[in-house]
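# Commentary on secondary and tertiary structure
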Amino acid sequence: MTRIMIFGTFDMIHPGHEDLFRQARALAQDPYLIVSVARDSSVLRIKGRVAQNTEHARRAQLAAHPLVDEAVLSDTEGYPSHVVAAHPDVVALGYDQYGEYADTVERDLRAAGLLVRVVRLTAYHPDVYKTSKLRILST
């Protein structure tokens, strides 16, 4: 089994997210997909607004998704400890994940004693399937 970890807010699960799940699972013949769900405090800090759904509701929704094997809450500060605890073989970043942690994830995890392969996944119709755009359309 190959443990693959992805990260995000996942305030709603849309076809772009499902494509992300499929891309991540396609990285191995025997995938086990772990989704790290951003904490409410992190969403506010990074995005400048609160998520529509609580971290616990978002985690529960992902845990029930058929393409997700496990959904965990991220750390409240930083990120290495919950990633080290999940012990992924692969960390898959979304096409739009840059900055705060994404730019240094491989180095940070190596410093924490975890050797992982880091890959970047591709966008799936980002002009349509982006939570911020879908939220505007639904209001």
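## Regarding the pairing of strand β4 (residues 90-93)
- Residue alternation in β4 divides its side chains into two sets, Val90 and Ala92 and Val91 and Leu93, and both sets are buried.
- Judged from the two bridges that link them, strand β1 (residues 2-8) and β4 form a sheet pairing that is parallel. If you follow Ile4 over to β4, its bridge partner there is Val90.
- With four bridges connecting them, β4 and strand β5 (residues 117-120) associate as parallel partners.

## As for the packing of aromatic side chains
- What the rule picks out here adds up to one aromatic pair.
- Between the aromatic rings of Phe10 and Phe21, the centroid separation amounts to 5.9 Å while the plane-to-plane angle is 40 degrees, which identifies the pairing as tilted. Note that Phe10 is positioned in the loop between β1 and α1 (15-25) and Phe21 in helix α1, a separation of eleven residues in sequence. Both residues of the pair, Phe10 and Phe21, count as buried.

## Section: the nonpolar core
- Ile4, Ile6, Phe10, Phe21, Leu33, Val35 and Leu62 are the most contacted members of the largest nonpolar core, which totals 18 residues.
- Looking at this core, the elements that each hand over two or more residues are β1, α1, β2 (31-37), β3 (70-73) and β4.
- Discounting residues that sit within four places of it in the chain, Val35 has contacts with Ile6, Phe10, Phe21, Leu62, Val68, Glu70, Ala71 and Val72.
- Formed by 14 residues, the second largest nonpolar core is a distinct cluster that contains Phe7, Tyr79, Leu93 and Val116.

## A closer look at unusual backbone geometry
- Unlike most non-glycine residues, Phe10 shows phi in positive territory, near 55 degrees.
- Phi is positive for His87, which is not a glycine, with a value near 50 degrees.
- As for its placement among the helices and strands, His87 is situated in the loop between α4 (80-86) and β4.
- On the accessibility criterion, His87 (46% relative accessible area) is partly exposed.

About the thresholds
Residues numbered from 1 in each chain as written. Predicted model: local features only at pLDDT ≥ 70, side-chain atom pairs only at ≥ 80, totals over all residues. Heavy atoms only, no water. Buried < 20%, exposed > 50% of the residue type's maximum accessible area, 1.4 Å probe, protein only. Helix = DSSP H or I, 4+ residues; strand = E, 2+ residues; numbered from the N terminus. Pairing = 2+ DSSP bridges. Phe/Tyr/Trp six-rings, centres within 6.5 Å; stacked < 30°, edge-to-face > 60°. Core = buried A, V, L, I, M, F, W, Y, C linked by side-chain atoms within 4.5 Å. Contact = heavy atoms within 4.5 Å.

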